[in-house]
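Coordinate inspection notes
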Amino acid sequence: MGTTPRSGCAINAAVEVLGDPWAMLVLRDIMFGNRRHFRELLNGSEEGIASNILSSRLKNLTAQGLLSRADARRGQRATYSLTEAGIQVLPIMVALGTWGLAHRTGDKRLRVRAELLRDGGPELVDAMMDELRELHLGVPRPDPDAPRPSEQLQAAYLRAIETLSPDDA
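Predicted, not measured: the structure shown is a model, and the values here were computed from it.

The next point concerns the overall build of the protein chain. Within the protein chain, the secondary structure is distributed over 8 helices and 2 strands. In the protein chain, the order of α-helices and β-strands from amino to carboxyl end is α-α-α-α-β-β-α-α-α-α. Since a compact globule built from 169 residues should have a radius of gyration of about 15 Å, the 17 Å found for the protein chain is in line with a globular shape. For the protein chain, the spread of C-alpha atoms along the three principal axes comes to 45 × 35 × 30 Å.

Structure (structure tokens):
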């Protein structure tokens, strides 16, 4: 897929890159699951992505400038990292998650992250973006002593699954 959109419309240009559900789920798993290698993404996919689809989406996201790929030497795994453009997809994901919480049902344990990001507001989203910049781009967080949003998300998830009955999951 080329990088030239079908029209000059900004919404169209964004949808051409982000409108594919698998692309968004790959970005989600890199952002929130810190899955940086092909096998981690394949095996950790909650939705069961096929290897050919994953390969295609990784190539496209790299070509579109949302991911970078560190070439691996023989016997090593290639590492995918978010670019600044990829990190800036986070507020879009938060908006999608907020909409999903309001208008769709789902697995309670998988709704926790969206709830925390919704309730944490722009400050939490900004802090998460700073953490992603540190992890993927090597840019130090403005406040290195501040709690890591990823740890907050993980702790909320663990608290949620402790309180769920088997019927809730």
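After that view of the structure, there is still more to cover.
The next subject is the side chain of Arg133. Structurally, Arg133 can be placed in helix α7 (residues 108-137). Among the polar contacts made by the side chain of Arg133, one reaches the side chain of Glu84 at a distance of 2.8 Å. Once residues lying within four places of it in the same chain are set aside, the contact partners of Arg133 are Glu84, Ile87, Gly138 and Val139.

Averaged over the protein chain, the pLDDT score is 90; the fraction of residues at 70 or greater is 95%. Per-element averaging of pLDDT across the protein chain places helix α8 (residues 149-163) at the bottom with 87 and helix α5 (residues 84-87) at the top with 98.

On to the pattern of salt bridges. Inspection of every chain in the model, using the stated rule, returns 13 salt bridges. Where Arg133 meets Glu84, a salt bridge forms, and the shortest distance between an N and an O atom there is 2.8 Å. Residue Arg133 is located in helix α7, and its partner Glu84 is located in helix α5; the two are separated by 49 residues in the primary sequence. The buried category is assigned to Arg133, whose relative accessible area is 19%. With relative accessibility at 29%, the residue Glu84 sits in the partly exposed group.

In terms of nonpolar packing, the biggest core is built from 31 residues, with Leu27, Met31, Phe32, Leu67, Leu82, Val89 and Leu90 touching the most fellow members. For this core, the elements supplying multiple residues, two or more each, are α1 (10-18), α2 (21-33), α3 (38-43), α4 (51-63), β2 (79-82), α6 (90-103) and α7. Per-element tally for this core: the top contributor is α2, with 7 residues. Those residues in contact with Val89 that lie beyond four places of it in its chain are Leu18, Met24, Leu27, Met31 and Leu66.

Conventions adopted
- Counting restarts for each chain, with residues numbered from 1 along the sequence as it is written.
- Predicted model: local features are reported for residues with pLDDT of at least 70 only, side-chain atom pairs are reported and counted for 80 or more only, and whole-chain, interface and lining totals are derived from all residues.
- Calculation of side-chain values draws on the structure's entire complement of heavy atoms; hydrogens and water are dropped beforehand.
- We count a stretch as a helix when DSSP gives it H or I for four or more residues in a row; a strand needs E for two or more, and each element gets its number in order from the N terminus.
- Our radius of gyration is a C-alpha quantity, and the globule rule it is checked against amounts to 2.2 Å times the number of residues to the power 0.38.
- In protein, a polar contact means a hydrogen-donor-capable atom and an acceptor-capable atom, both N or O and within 3.5 Å, with residues adjacent in sequence counting only if both atoms are side-chain atoms; elsewhere, any N or O pair within 3.5 Å suffices.
- Residues are treated as being in contact if the distance between any of their heavy atoms lies within 4.5 Å.
- Each residue carries a pLDDT score, the predictor's confidence in it, ranging from 0 to 100.
- Counted as salt bridges are all cases of a side-chain nitrogen of Lys or Arg within 4 Å of a carboxyl oxygen of Asp or Glu.
- A simple rule labels every residue: compare its accessible area, found with a 1.4 Å probe on the protein chains alone, to the largest value its type can have, and call it buried under 20%, exposed over 50%, or partly exposed in between.
- Note on terminology: a nonpolar core comprises buried Ala, Val, Leu, Ile, Met, Phe, Trp, Tyr and Cys residues joined through side-chain atoms within 4.5 Å.

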